[in-house]
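# Coordinates in review
Take a look at the letters that make up each chain.
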Amino acid sequence: MDVRRLTPADAAGYQAIRLAGLLEVPSAFAASHEEERALPLSTYEQRLAIVPDRGTFGAFDGANLVGIATLGRESKAKLLHKAHIWGMYVVPGARSKGVGQRLLMQAIELARTVAEIRQVNVSVNAANAPALRLYESVGFRPFGREIGSLWIDGKSYDELHMVLPLASP
């Protein structure tokens, strides 16, 4: 299993796995499959542009992209100390093999290279026990719950907000 930072050249594979995740587990993402499938490939290429303080990582089984995770960052001056994990997804056949943890650790490592980033946040469906265990296994801890964060097909989903401190204030 190879885990590396994705580049614009990986856009087609990234788009395919992201759309698969949005279809399989819509309650794990704020974006919908309908919204994302309408985006041109160039949008995915732009998302994968290499910048020093954010990025998307992919896990490969041979040539097959089997998992993704993105480290994003706030852009307002008062929020620059925070980064966020989003868009994390591992295909069913690659689950329970440490892929998610490896992706997560790569994203956290990138955050640690940026001196100004003091914490990494993630929001996760409160009913997604495997995801909660994964985030807790690397040190994330809950700090709040948003009731009814997502509304999908007439059903409400709560999100648990979690934080991983990188440095003492």
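Look above for the structure.
Residues numbered from 1 in each chain as written. Predicted model: local features only at pLDDT ≥ 70, side-chain atom pairs only at ≥ 80, totals over all residues. Heavy atoms only, no water.

The number of helices and strands found in the protein chain is five helices and seven strands. For a compact globule of 169 residues, the expected C-alpha radius of gyration is about 15 Å, and the protein chain comes in at 15 Å, within 12% of that figure. Structurally, the protein chain occupies a C-alpha span of about 40 × 40 × 35 Å along its principal axes. Put simply, the protein chain has 169 residues, and 44% of those count as buried. Taking the intrachain contacts of the protein chain between residues at least 6 apart in sequence as the baseline, contacts between residues at least 24 apart amount to 61%. Working note: accessible area of the protein chain is about 8900 Å², and carbon and sulfur atoms make up 54% of it. Side chains of the protein chain carry 19 positive and 17 negative charges; the gap between the two charge centres is 5 Å. (Helix = DSSP H or I, 4+ residues; strand = E, 2+ residues; numbered from the N terminus. Rg over C-alpha atoms; globule rule 2.2 N^0.38 Å. Buried < 20%, exposed > 50% of the residue type's maximum accessible area, 1.4 Å probe, protein only. Contact = heavy atoms within 4.5 Å. Areas by Shrake-Rupley, 256 points an atom, 1.4 Å probe, with all protein chains shown as cover. Lys, Arg positive; Asp, Glu negative; His and termini not counted. Charge placed at Lys NZ, Arg CZ, Asp CG, Glu CD.)

Positive phi, close to 65 degrees, is recorded for S96, a residue that is not glycine. Here S96 falls in the exposed class, since its relative accessible area comes to 83%. Here the phi dihedral of D153 falls at roughly 50 degrees; this positive angle occurs in a residue that is not glycine. Take D153: it is sitting in the loop between strand 6 (141-152) and strand 7 (155-165).

A word on the environment of L110. Inspection of the secondary structure assignment puts L110 in helix 4 (residues 99-112). A relative accessible area of 9% means that L110 is categorised as buried. In this structure, L110 is in contact with R5, P52, R54, G55, F57 and L71, ignoring residues within four places of it in sequence.

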